[in-house]
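# Structure assessment
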Amino acid sequence: MSPVPGIVNGPERAGPVVWTGIVAATCLLLLVVQQLLWLFLPFIFGTVLYYVLLGPMQRMVRSGFGRNAAAVWVCTLFFTLAALALALALSWSDGPEEDSWEATIGLYLDGGVAFVRTSLAMLEARFPILAEMRLTSTVDMAFTTYTNDFAQNHLGDIVVGVMTWVPSLLLAPFLTFFLLRDGVRFKKFLARAVPNAYFERALYLLHEVDQTARRYFEGLLKLTVLDTLVLALGLWVIGVSSPLLLGLISAVLAWVPFVGSIAGCVLVVIVASTDAPGNPLMAYGAIGVFVLVRLLDDFLFMPLTLGRSLHIHPLVTVLMIFIGGMLAGVVGLMLVLPLLGVVMVIGETLGTLVTNPRLRARHRYARALRTRQASVDLDIARERRGAPTPNGALNAASSASSGATAED
Amino acid sequence: MIFRFLKPPRMSPRLHRLKSSSLFSALTPLELKIVDGLLHERRYLKDEIVFDEGEEGQALYLLMSGRMRISRLHEGVTQVVAELEPGGFFGDLALLDNSPRNAQARALEPCEVAVFFRADFLGLMDTDAVLGYKISLALARHIGLRLREWMGTGRPQLEAL
């Protein structure tokens, strides 16, 4: 006798209780992530690289390579090419340079400060009220105070911070390699832990989590490539140096919502104003290009790439970005959406599994079968009654033989 | 050493068992090894339910050992559609779409099954067209055979698999 189909499949949509759990779990995870950022960040980079390299590796496996050999080859090739590209980008620069990297950074910072001063002077000339407010001297004083103390107070911390992060980030290639080599095995290992009754749904859940993360990270990479190309084209047209490198850095910074975009814009303006110190129009042009690319990004590229990846309501997205920023700062801003996407899939599926009466009944039945099978010759009630058990003859023979041995 | 990947992999007893199923009989040893990497192992006790009639299907099941009964509810009466032996497979329509199962599968004795998840099959079709085509052709032949049997013998329950 089969059950009614409605009972078999259970409720399809997650209710408010499940959604409250999803939001709470996401917030909790953000707090954990903030504490374990040294581990989580390499894990994120490792996962992104895993999804990038999975396709080539699968092709190698299908052409006859073992998983281990294919993972080694793909990782070696990728990291060699990435190191070469980085070395090329660092050595190829047509902008102004000093003898040391400290002096070059100083040169660019001075260029940025000079641009701010020129812009403020122009504003004061145009709007006398700003001159009366002594805007230039106020900002100038703030800049001087900050830059005078910068080397003593902040540069050391920044360098130490970077040096602390380098070993942690070196974990990323290792994680990528092991995810590529053992990812399938790990998935099977997880699936093996699931009881038979929930097995198909659990497989589907694992697949959906994988697909959500994959869609998000692939979307993010596509968005980065599009942003880089369009920004590089715009900067190249107005004559800013190293447009491709600047475009790439700004596009990667844009992974952090709001804050990253502002940081990218400041970087581009600093470079543009240093390239042409006497021509503030170039820096204004760079700002124009940046704003244009942001608009294209928000209204065209993002809906085409990331927007389709997570299927989250826009209102929930905006609210969660604010909550993420509040709970875990910049890290929260950056990671709240992928975390929400994954927790949403897990929460919705677990919600339907736990509330499905038929699956729960089947699971109870399977457990009862296993218990019965495990205790087939352990009928304690029968033993107490003195009735023969299935292994009673064996036990009697064994006790007789031990008795005989004792008599001997 | 370098060209080791050109050598066909050795056929383990498990690969031989997979090859004996009509679904994978056309696959080469390398292709069998790739498919085997995607299969999940499950064990069921006597009387345990594998899936219910009406449940959303996500995977195909290949019987490696034991016997399985496929039954369905017809006008309030449970009809036994088939009893499968090792090498047989069931739930094959779930590889094509996620429509509800047409029958219930229950173990007649302790069973070991290999589970082929639909998303893995579709992924295989995307990335390895030849392998996907071979499995699809075997699946189409199997469904065609069932259709012919149904038309020839007038057994309405055979479409339930």
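Residues numbered from 1 in each chain as written. Chains lettered and ligands numbered in written order. Predicted model: local features only at pLDDT ≥ 70, side-chain atom pairs only at ≥ 80, totals over all residues.

## Remarks on the overall build of chain B
Heads up, the rule is: Put simply, DSSP H or I for four residues or longer makes a helix, DSSP E for two residues or longer makes a strand, and each gets a number counted from the N terminus. Any residue with 12 or fewer other C-beta atoms within 10 Å of its own C-beta is exposed, any with 20 or more is buried, and the rest are partly exposed; the C-beta atoms used are placed from the backbone. In this description, a residue-residue contact is defined by the distance between C-beta atoms placed from the backbone, which must lie within 7 Å.
Within chain B, the secondary structure is distributed over 4 helices and 8 strands. Residues classed as buried in chain B amount to 36% of the 161 residues present. Across chain B, every contact between residues at least 6 apart in sequence was considered, and the portion connecting residues at least 24 apart equals 70%.

## Side note on the nonpolar core
What counts here: A set of buried Ala, Val, Leu, Ile, Met, Phe, Trp, Tyr and Cys residues, joined through C-beta atoms within 7 Å, is what we mean by a nonpolar core.
Counting 66 residues, the largest nonpolar core has B:Tyr61, B:Leu62, B:Leu63, B:Val113 and B:Phe116 as its most contacted members. Sort the elements by how many residues they give to this core and helix H14 (residues 314-354) of chain A lands first, with 13 residues. In this view, B:Tyr61 contacts B:Val50, B:Phe89, B:Phe90, B:Gly91, B:Ala105, B:Val113 and B:Val115; residues no more than four positions away in its chain are not counted. Counting residues in hydrophobic clusters, the runner-up holds 20 residues, among them A:Leu231, A:Val268, A:Ala283 and A:Val293.

## Focus on the confidence of the model for chain B
Stated precisely, the cut-off is as follows: Confidence scores per residue from the predictor, reported as pLDDT, run from 0 to 100.
Summarising the model, chain B shows a mean pLDDT of 85, and 89% of its residues fall at 70 or more. Scored below 50 in pLDDT, residues 157-161 of chain B makes 23 contacts in the model with residues more than four places away or belonging to other chains.

## Quick look at the interface of chain A and chain B
To be explicit about the condition: Basically, the charged four are Asp, Glu, Lys and Arg, the nonpolar ten are Ala, Val, Leu, Ile, Met, Phe, Trp, Tyr, Cys and Pro, and anything else, Gly included, counts as polar.
Facing 25 residues of chain A, the contacting portion of chain B comprises 28 residues. Broken down by secondary-structure element, the contributors of at least two residues to the side of chain A that touches chain B are helix H1 (5-9), helix H3 (37-62), helix H8 (171-192), helix H9 (199-238) and helix H15 (357-374) of chain A. It is H15(A) that provides the largest number of residues to the side of chain A that touches chain B, a total of 6 residues. Among the residues forming the side of chain A that touches chain B, the class breakdown is 12 nonpolar, 7 polar and 6 charged.

## Describing helix H10 (residues 243-253) of chain A
One turn of an α-helix holds 3.6 residues; hence residues three or four places apart share an orientation. Residues and elements named next belong to chain A. Put simply, the rule is: Directions drawn from the helix axis to the C-beta atoms are what define this arc.
Within H10, burial applies to Pro-243, Leu-246, Gly-247, Ser-250 and Ala-251. Seen end-on, H10 carries its buried residues on one side only, within an arc spanning 130°. Taken together, the buried residues of H10 touch H9 and helix H11 (259-275).

## Digging into the sheet that holds strand E6 (residues 89-90) of chain B
Residue and element names in this part refer to chain B. To be explicit about the condition: When DSSP finds at least two bridges between two strands, those strands are taken to pair. Axes here refer to lines fitted to C-alpha atoms; in helices the fit is confined to the stretch in contact. Angles between the N-to-C directions go from 0 to 180 degrees.
A sheet is described by the order of its strands in space; here 4 strands give the open sequence E1-E8-E3-E6, paired in antiparallel fashion. Edge strands, defined here as strands with exactly one partner in the open sheet, are strand E1 (40-44) and E6. Relative to strand E8 (residues 111-117), strand E3 (residues 59-65) runs antiparallel, the two being bridged by 6 bridges. Bridge pairing links Leu-62 to Ala-114 in E8. Lying on the sheet, helix H3 (residues 118-127) is in contact with E3 and E8; it crosses E8 at an angle near 50°.

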